[in-house]
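Observations on chain architecture
The lines below spell out each chain.
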Amino acid sequence: MCGIVGYTGSRPAGPLLFDGLQKLEYRGYDSAGIALLTPEGVQTVKNAGQKDVMALEVLAGKISLLPESVTGIGHTRWATHGRPTDANAHPHSDGSGEFAAVHNGIIENYMVLRERLQSEGCVFRSETDSEVIAHLLARHYSGDLAEALRLVLAEIEGSFAIVAMSSRHPGQLVAARQNVPLIVGAGAENEFFIASDIPAVLKETRDVYVLEDGEMAVVAGGKISFSDFAGTPRAKTTMRVTWDAVAAEKAGYEHFMLKEIDEQPRALRDTLYGRVDKSGAINLGIRAEFFSGVSRVVLVACGTAYHAGLIGRELLERWARIPAETAIASEFRYRRPLVDERTLVVAVSQSGETADTLAALREARKSGARVLAVTNVVGSTAAREADEVLFTWAGPEIAVASTKAYTTQLEIMVLLALFLATDRGRLGREDCASILAELKALPAKIEEILARKAELQRIAAYVSKADSAFFIGRGLDWAVALEGALKLKEISYIHAEAYAAGELKHGTLALITADTPVLAVVTQKALYEKTLSNVEEVKAREGRVLAIARPDNKGLAASADEVFWLPEVSDALAPIVTIVPLQIIAYYAAVQRGNHVDKPRNLAKTVTTE
Ligand code: M6R
């Protein structure tokens, strides 16, 4: 995945583009570049990151080398085709240096196009799929840049967001979108900002056009026009972004991840707000017929969102007694899933742009299923393509490691399961009311945990020295263990695996040594004794057990090496609270190891490739 920006107006474009790229760094950060339009042609600076210096930091030192210009494009990259090198960084130009383009996505037929262009004399300077766009633009150009882009779009296959410019058209940018997000912000001074995501333009404008798949935009001379790829004009209106740009900034924290961990009480309150009416009934804002006759629920998602889906499945079956399954989105679409019009498919995705989840969503729609998106991003593809949407109101999540998005997804899972359970008469109003009362009280309990970071820092100091760690739990605790292990591995780079605690003795115990931390999640009352025996199994092999437990599991104190006691919480809602100490342990372990916490190696915040 990559982040792209464009600017045309009357102010110096270089600093504005750089500022936008900084906001998009979460989308990829192995290389970056900016190109400006000048009377002498396109002038470009671009580079990969260097050892311990991020690509944008290197780029910052080069911006001053560019001449002043009021039009330009920029890119921050996460490598797919071609290594992260200076040459592979975008923007890419044609041989004459008159045309330049930035691209996010994958051009699937680029090899064929590249070979053809090479046979026609084009010299390629990168290993990327994207470079073909610049060469094709030059080939197709006959006086009209938008028309040239249209002809390029007719040739390329795959997914893309593209912004291009040419020194033959000062002040003009052309852009197109197919399966990859792209927005255009309308600035105050007859200026336009193009970007992959809204935070990149918020400092400058709140009025934003969201491009749909198959749409192009042309901006020039303070005017904007839209069309489909065939050139048929489209009318579009701006949407007003109401959330605050400051919300996307670090607000004094060293890392976005810690800020976002601390924001969870607020995010949970916001997500619940307005969804339970005065009479205690759940109001999801979804038309009643949407759920009627649903006989099965399939939750599709990736990574952390998949872990949230695992908990959703359990609660749906427990409370609503509806058969439910959770599927990894990248697997779902290839297994010819059995879904029909009585199946509710819930696509869970923080960004709403994850390619695998979108593909699963589309597959489900094709099969006639009703599709509900659970997403954090208004205007995202998932939100627009699903039949109905439930937003998590977590606010922008910038750190690659998902925290507040996960806990708010869990809150939505609780609300959805309760709604269906009461709607179908599977759960009485009183039981529902008591769960909702507890849900409302959870933010305060999380605040108690957040105030005890020092205890968790001590555990993290120990974990940070390990080469390998295991997470164990049963039932909902196992689902939380999976998420805890993902958090630790992605930012600390410590090998971490989660096991259903009962599975340890079927193989994994062979790996337990005195140097192996085992993080035991012990919150489920009915499973407590069983998990305690698994803790004993680890202790008998000299493993070190660090437990996260409910206060009534006091017997654990004698078995585990260290216990972090949670505030009192019921079995069903425990995951929303239990994950918080595990997020904090992962965070401090990564800090202790000196890692880039917000931008771990090899990862990107939003994964728009399949
Ligand atoms: O935006 P999405 O929720 O669809 O992203 C899915 C995963 O890529 C994501 O949850 C990933 O696993 C987390 N960033 C890990 O912390």
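Read on for a plain summary of the structure.

About the thresholds
Residues numbered from 1 in each chain as written. Predicted model: local features only at pLDDT ≥ 70, side-chain atom pairs only at ≥ 80, totals over all residues. Heavy atoms only, no water. Near = heavy atom within 4 Å. Polar contact = N/O pair within 3.5 Å; in protein donor to acceptor, adjacent residues only side chain to side chain. Areas by Shrake-Rupley, 256 points an atom, 1.4 Å probe, with all protein chains shown as cover. Helix = DSSP H or I, 4+ residues; strand = E, 2+ residues; numbered from the N terminus. Nonpolar A, V, L, I, M, F, W, Y, C, P; charged D, E, K, R; others polar. Pairing = 2+ DSSP bridges. Axes fitted to C-alpha atoms, helices over the stretch in contact; angles between N-to-C directions. Contact = heavy atoms within 4.5 Å. Patch = residues over 30% accessible without salt bridge, like charges linked within 9 Å, V, L, I, M, F, W, Y side chains within 5 Å. Salt bridge = Lys/Arg side-chain N within 4 Å of Asp/Glu carboxyl O. Lys, Arg positive; Asp, Glu negative; His and termini not counted. Charge placed at Lys NZ, Arg CZ, Asp CG, Glu CD. Buried < 20%, exposed > 50% of the residue type's maximum accessible area, 1.4 Å probe, protein only. Phe/Tyr/Trp six-rings, centres within 6.5 Å; stacked < 30°, edge-to-face > 60°. Lys NZ or Arg CZ within 6 Å of the ring centre and 35° of its normal.

1. As for the site of the ligand
Around the ligand there are 14 residues in total, and Ser349, Gln350, Thr354, Val400 and Glu490 lie nearest to it. Between an oxygen atom of the ligand and a main-chain N or O atom of Thr304, the distance comes to 3.1 Å. The side chain of Ser351 places a nitrogen or oxygen atom 2.6 Å from an oxygen atom of the ligand. Protein burial of the ligand: of its 410 Å² of free accessible surface, 90% is covered by the chains. Breaking the shell around the ligand down by element, the ones donating at least two residues are α8 (303-320) and α15 (476-492). Classifying every residue of the shell around the ligand by side-chain character gives 5 nonpolar, 7 polar and 2 charged.

2. A closer look at the sheet that holds strand β16 (residues 296-301)
Taken in spatial order, the 5 strands line up as β17-β16-β18-β19-β20 in an open sheet, and their pairing is parallel. Sheet topology places β17 (324-328) and β20 (388-391) at the edges, where each strand pairs with a single neighbour. The average undirected angle you get between the axes of adjacent strands in this sheet is 20°. Judged from the 6 bridges that link them, strand β18 (residues 343-349) and strand β19 (residues 370-375) form a sheet pairing that is parallel. Across the sheet, Ala347 pairs through a bridge with Ala373, a residue of β19. Against the sheet, helix α10 (residues 355-366) contacts β16, β18 and β19, and its axis sits at roughly 165° relative to β18. On top of the sheet, helix α12 (residues 404-423) reaches β16, β18, β19 and β20; it is set at about 160° to β18, its chief contact.

3. With respect to a positive patch on the surface
A contiguous patch of positive charge, built from Arg321, Arg342, Arg424 and Arg426, is present on the exposed surface. Relative to the elements of secondary structure, Arg342 occurs in the loop between α9 (329-332) and β18. Arg342 gets classed as partly exposed once you look at its relative accessible area, which sits at 44%.

4. Looking at the sheet that holds strand β21 (residues 468-473)
Ordered by their spatial adjacency, 5 strands build an open sheet running β22-β21-β23-β24-β25, and the pairing between neighbours is parallel. The open sheet has two edge strands, β22 (495-500) and β25 (562-565), and neither has a second partner. For this sheet, the mean angle separating the axes of adjacent strands, direction not counted, is 20°. As defined by bridge partners, β21 adjoins β22 across 6 bridges and the pair is classed as parallel.

5. Some remarks on unusual backbone geometry
Of the consecutive residues His90 and Pro91, the connecting peptide bond is found in the cis state with omega at 0°. Structurally, Pro91 is set in the loop between β4 (71-77) and β5 (92-93). Phi at Asn602 takes a positive value of approximately 65°, unusual for a residue other than glycine. When you line up the elements, Asn602 lands in the segment after α18 (574-592).

6. So, the pattern of salt bridges
Two side chains that carry opposite charge are able to pair once their charged atoms sit near each other. Per the counting criterion, the structure on display carries 38 salt bridges. As a salt-bridge pair, Glu191 and Arg11 come within 3.0 Å of each other at their nearest N and O atoms. Separated by 180 residues along the polypeptide, Glu191 in the loop between β9 (183-186) and β10 (192-195) and Arg11 in the loop between β1 (3-8) and α1 (13-24) bring together distant segments of the chain. By relative accessible area, which is 28% here, Arg11 ends up partly exposed. In this structure, the salt-bridge partner of Glu147 is Arg150, at a minimum N-O distance of 3.1 Å. On the criterion of helical spacing, the pair formed by Glu147 and Arg150 is a turn pair, its members being 3 residues apart in helix α5 (residues 145-155).

7. Topic: the packing of aromatic side chains
Tallying each qualifying case throughout the model produces 9 aromatic pairs. Between Phe290 and Phe291, the aromatic rings sit 5.1 Å apart at their centres with planes inclined by 75°, giving edge-to-face as the arrangement. For the pair Phe290 and Phe291, one class covers both residues: buried. Between Phe470 and Tyr499 the ring centres are 6.0 Å apart and the planes differ by 50°, which places this aromatic pair in the tilted class. Of this pair, Phe470 sits in strand β21 while Tyr499 sits in strand β22, and the two are 29 residues apart along the sequence. Three or more aromatic residues link up through ring pairs in this structure, and these residues are Phe290, Phe291 and Phe419. A cation over an aromatic ring shows up here: Lys236 above the ring of Phe226, its NZ or CZ 5.9 Å from the ring centre. Sitting over the ring of Phe564, Arg452 keeps its end group 4.0 Å from the ring centre.

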